[in-house]
Amino acid sequence: MKQFDITKRDSQATEITPVSPEKFDMDAYAAYEQSLLAGTDAFWNAPSGVAVYRRMRAAEVFSYACRNMQRSLELQLGCLQESMKFKADIPNFLEPWYGIGTTASAFGMEYVWSEGLAPAVQAKFNTLADALSYTPAPIAETGIGKFTLNMIEYFMDKTKGRLPVSFSDAQSPLNAATMIVENTSILMDIILDPDSIRRFFDVLAGLAIDFVSGQKKLIGDSLVSPGHGFASARNFEGYGQSDDSVVMLSGEQYRDCALPSFERTGLAFGGPVFHSCGDWSNKIPVIRQIKGLRMVDAAFSAETDPNPNAAAPFAEGFAHTGIVLNARIVGDIATIEKTVRELWRPGLKLIVVTYCPTPEEQEQAYDVIHEICC
């Protein structure tokens, strides 16, 4: 069995040829997206079923290229153009991604750039008390926030608002907190001072809601949900948040401290949508308690994540719930088939996210997936 390849910049990326907006066929992609919307609508509103999403992701977009909005758009247009060759049920979309320090910027933090890498932030505060005594700025008034909003405006102008666009990735309040306050301090206060933790997370939720509301106004009718790493469409609902730090908490700690702010942020935009890297299968019982939960995302192969999830807990935990399981599977047809057979249960709403290298292999995978889940 293949393992996670640490030499790759991005295990989920495809080599892409950039395309300028002037050379991109807007009409062709608009027609392609339109041809899939009836199917995405039927899937979203059905109690169960399967859909296939061939995610087309350029590694540079989620690395150094996010600093250059022109380059990011050209790479993403290249992704959209290439994606039309691959048989799928859900179209790809544009994302004005600019690192994961969005909420942290409200606390006076700027990106640290290393050559050839994605931007990073370094925790500014040693204690939670220090962060709570700081008056954060609206994200839209920070350097990171302004760049993100300018990128959205640039994307919308160059595409004339005709292509699907998602929100930029703002992270969950829990994830954002660990970028603002030294991580050990956050984890200790979850045990020793949960009231202050909940108050801090609620501040972060409010900042995120305000900033995402501003993005929503700019994107308008082009908006697809839930955005970022999730299969998304204009007729899907919810707001995706990365909540990777869940793996460091007990289920009880997550429920009592982090869940309320995650829930609040998601409900502001059609319902919470949950992602965590790694194996979070033991958190399924508490994640299912999130009010209005629309979708969850997880990795299910060793080529996708160095610590992938077992299928059975997700199959059993999400069948007959109406909650969509966005299952990322990097691997060949045999890997995809084996994993989907382990995942599929009647009553499950399953999106299989594939990364097949050729249109021919993708078509085979697509047919196998639908045959298993018919």
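Residues numbered from 1 in each chain as written. Predicted model: local features only at pLDDT ≥ 70, side-chain atom pairs only at ≥ 80, totals over all residues. Heavy atoms only, no water.

**Looking at a nonpolar patch on the surface**
Step number 1: A surface patch of nonpolar side chains, about 320 Å² in accessible area, is lined by Met-188, Ile-191 and Leu-192.
Step number 2: Along the polypeptide, Met-188 turns up in helix 6 (residues 183–192). (Patch = residues over 30% accessible without salt bridge, like charges linked within 9 Å, V, L, I, M, F, W, Y side chains within 5 Å. Areas by Shrake-Rupley, 256 points an atom, 1.4 Å probe, with all protein chains shown as cover. Salt bridge = Lys/Arg side-chain N within 4 Å of Asp/Glu carboxyl O. Helix = DSSP H or I, 4+ residues; strand = E, 2+ residues; numbered from the N terminus.)

**Remarks on the environment of Phe-167**
Step number 1: Considering the arrangement of structural elements, one finds Phe-167 in the loop between helix 4 (143–159) and helix 5 (173–180).
Step number 2: When the C-alpha positions of Phe-167 and Leu-117 are compared, they lie 22 Å apart, and in sequence the two are 50 residues distant.
Step number 3: Setting aside anything within four residues of it in sequence, one finds Phe-167 in contact with Glu-95, Pro-96, Val-212, Gln-215, Lys-216, Ile-219, Leu-223 and Tyr-239. (Contact = heavy atoms within 4.5 Å.)

**Description of the pairing of strand 3 (residues 272–275)**
Step number 1: Of the two faces of strand 3, the one carrying Pro-272 and Phe-274 and the one carrying Val-273 and His-275 are both buried.
Step number 2: Note that strand 2 (residues 239–242) and strand 3 share 4 bridges and pair parallel. Paired with Tyr-239 across the bridge in strand 3 is Pro-272.
Step number 3: The β-α-β motif built from strand 2, the intervening helix 8 (residues 251–267) and the parallel element strand 3 has right-handed crossover chirality. (Buried < 20%, exposed > 50% of the residue type's maximum accessible area, 1.4 Å probe, protein only. Pairing = 2+ DSSP bridges. Right-handed = clockwise from strand over helix to strand, strands pointing away.)

**Here we look at the pattern of salt bridges**
Step number 1: Summed over the entire model, instances satisfying the criterion amount to 12 salt bridges.
Step number 2: Among the ionic pairs, Glu-337 bridges to Arg-341, the shortest N-O distance being 3.1 Å. Of the two residues, Glu-337 and Arg-341 are both situated in helix 11 (residues 333–343); the distance of 4 residues between them amounts to about one turn of the helix.
Step number 3: Under the relative-accessibility criterion, Glu-337 is labelled partly exposed at 27%.

**Comments concerning the sheet that holds strand 2**
Step number 1: A sheet is described by the order of its strands in space; here 6 strands give the open sequence 1-6-5-4-3-2, paired in parallel fashion. Whereas interior strands pair on both sides, the edge strands pair on one side only; in this sheet they are strand 1 (49–54) and strand 2. The sheet shows a mean angle of 20° between the axes of neighbouring strands, direction not considered.
Step number 2: Alignment of strand 4 (residues 295–299) against strand 5 (residues 324–329), held across 5 bridges, turns out to be parallel. Looking at the pairing, Ala-299 lines up with Arg-328 of strand 5. (Axes fitted to C-alpha atoms, helices over the stretch in contact; angles between N-to-C directions.)

Keep in mind that these numbers describe shape and distance, not what the molecule does.
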